[in-house]
Amino acid sequence: MNNVVTQLQEFRQAIYKNLCKAQDATFELMDALLLTRTAQSLADLSLSCVFRRQWPSVYEALQDTRPDRSQLMKLYIQQLPRSERIVLAGDHTSWSRPFAKTLKERTYEHSPSQLGGRPVTVGYGYSTLAWIPEDTGSWALPLLHERITSWDSPISQAVQQLSSVSSHLPSRALSLWDSEYGCAPFVNQTAELPVDKLMRLRSNLCLWGPPPAYGGRGRPKIHGERFKLNDSTTWRNPAQQVEIDDPDLGQLRIRVWHNLHFRLSPNHEMSILLVERLAADGSTRIAKPMWLAFVGLKMPAVTEIWRLYLRRFAIDHWYRFAKNRLHWTVPQLSTPAQCDRWSDLMPIVTWQLWLARNLVAGRPLPWQKSLVKLTPGRVAQSFGSILALLGTPARAPKVRGKSDGWIKGKKRQSSIRYPVVKKGFSRPRKTTKKSP
């Protein structure tokens, strides 16, 4: 236990140094974030017993702090195991700000939780690359959590994050991606990175087999036979087929095909897996099939690889945890820089909970079940019991005078209203030849 306490204290001290400016107020703000279960604004966090400053210091901390994102990422990577295979998961989510007309660079973002109408909201999109430490459960530990700018896309941001993280990992990792990233641009842009990729595919895609041998005339073919995922008549015999009995999902049938590629990435071959749940009579109507694509050096065993992909859903749990318990989307900040600095605190808090999971005792509320493995929410629920043991590197506040306030007679100017940025993709126009 003493080793765990020492490790957590050293981690908190390193975090304190990497906050750069406004270290004391920002660090106490994070401790208040861990202990505050419900908050309707940032000012509510100043009421915590661990925040020894006044409520204006909360906003000043986010205005002045400069978290070193690169150094924080390296600090997180130092906590990764050296003996186990590292499993990463990437995804993106939205921070809805539909009424913040004075906030720069708002874009249209996908938001499936919107009631009625189209699943679109106005705000910021954030891309996350996280380490998934356990085979089951809801733990996802972000290594990078960054805003998708108005000139970037989720795929380009994910490529940048994967490139930054993979160069510092102790071993070759396996990254898990949703169907949005199962496309040729993502495969092409990550081909040179030392990381394997397991992506989900949409069921309406069309893949291509290896080209036939060159016949000696004309241009050599680039693609072979078509392989349409929703048309079984185009499927060739699978290279491998197994059926397993899973205690949770029941009977499963897994088929594998090798040497397939996207039309726009013919030089990068993939292995395709079809995972189907079978009913008692052997039919597949019990659930929609899941298509997976593996791109890398050595594919894991067929009976193991589909289980690895299920670990990707832990990042969805972390998004829900960050928004509901860590109050990520509660503050109505006025600049993109403040939103980024506030968002940088979410991974820091999550990593502290992970390192403290073996120190806290499970004390469920009367309506909660007892858990053997504590979730992030349960650890945060009991984190106050060890905070006094850990101490804080933050210094006590200094007494200062009262501000003079707004200068009398000085006119106030209205904030600038910024339009919503609509991302688009330029396509070449078809030109018709003019008749002579």
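Structure's up top.
Residues numbered from 1 in each chain as written. Predicted model: local features only at pLDDT ≥ 70, side-chain atom pairs only at ≥ 80, totals over all residues. Heavy atoms only, no water.

Asker: Before we go on, may I ask you to explain the nonpolar core in this structure?
Answerer: A general feature of soluble globular proteins is that nonpolar side chains tend to end up buried together. Grouped together as the largest cluster of nonpolar side chains are 122 residues, with contacts concentrated most on L88 and W342. Ranked by residue count, the leading element in this core is helix α9 (residues 336-355), at 10 residues. When residues no more than four places from it in sequence are discounted, the contact partners of L88 are L129, A130, W131, I132, L143, L162, V165, L169, A173, L174, S175 and L176. (Core = buried A, V, L, I, M, F, W, Y, C linked by side-chain atoms within 4.5 Å. Buried < 20%, exposed > 50% of the residue type's maximum accessible area, 1.4 Å probe, protein only. Helix = DSSP H or I, 4+ residues; strand = E, 2+ residues; numbered from the N terminus. Contact = heavy atoms within 4.5 Å.)

Asker: Just checking my understanding: could you explain the packing of aromatic side chains for this structure?
Answerer: The geometry of two aromatic rings is summed up by the distance between their centres and the angle between their planes. Within this structure, the stated rule accounts for 20 aromatic pairs. Between F227 and W235, the ring centres sit 6.2 Å apart and the planes meet at 20 degrees, which makes this aromatic pair stacked. Each residue in the set Y76, W131, W139, W351 and W354 is aromatic and connected to the rest through ring pairs, giving one cluster. The ring centre of W208 lies 5.0 Å from the NZ or CZ of R263, which sits over that ring. (Phe/Tyr/Trp six-rings, centres within 6.5 Å; stacked < 30°, edge-to-face > 60°. Lys NZ or Arg CZ within 6 Å of the ring centre and 35° of its normal.)

Asker: How do you make sense of the pairing of strand β4 (residues 141-148) when you look at a structure like this?
Answerer: Along any regular strand the residues' side chains alternate between the sheet's two faces. By the criterion of burial, β4 is predominantly enclosed, with eight of the eight residues buried. Across seven bridges, the pairing between strand β3 (residues 120-131) and β4 is antiparallel. Residue G125 lies in a different strand from β4, and its bridge partner there is I148. (Pairing = 2+ DSSP bridges.)

Asker: So what exactly am I meant to see when it comes to the pattern of salt bridges here?
Answerer: Note on pairing: side chains with opposite charge can pair once their charged atoms come close. Applying the stated criterion across every chain, the model contains 16 salt bridges. The closest approach of N and O atoms between D196 and R172, which form a salt bridge, is 2.7 Å. Here D196 is found in strand β6 (residues 195-201), whereas its partner R172 is found in the loop between α5 (154-166) and β5 (173-177), with 24 residues between them in sequence. Taking relative accessible area as the criterion, D196 reaches 2% and is therefore assigned buried. (Salt bridge = Lys/Arg side-chain N within 4 Å of Asp/Glu carboxyl O.)

Asker: Would you mind showing me how to read the side chain of D344 here?
Answerer: Residue position: D344 is located in helix α9. Under the relative-accessibility criterion, D344 is labelled buried at 8%. When residues no more than four places from it in sequence are discounted, the contact partners of D344 are P67, R69 and H145.

Asker: Where do I start with the packing of helix α1 (residues 2-18) against helix α2 (residues 23-35) in this structure?
Answerer: Between two packed helices, both the angle of their axes relative to each other and the distance between the axes serve to describe the pair. Their axes nearest at 9 Å, the elements α1 and α2 cross at an angle of 135 degrees. Between α1 and α2, the interaxial angle falls into the category oblique. Two packed elements cross with a definite hand, and for α1 against α2 that hand is right-handed. Taken together, the residues of α2 that come into contact with α1 (itself represented by R12, I15, Y16 and K17) are Q23, D24, F27, M30 and D31. Counted by class, the contact of α1 with α2 contains four nonpolar, one polar and four charged residues. (Axes fitted to C-alpha atoms, helices over the stretch in contact; angles between N-to-C directions. Parallel < 35°, antiparallel > 145°, perpendicular 65-115°, else oblique. Left-handed = near helix turned anticlockwise from the far one by under 90°. Nonpolar A, V, L, I, M, F, W, Y, C, P; charged D, E, K, R; others polar.)

Spatial relationships are all this shows, so hold off on functional conclusions.
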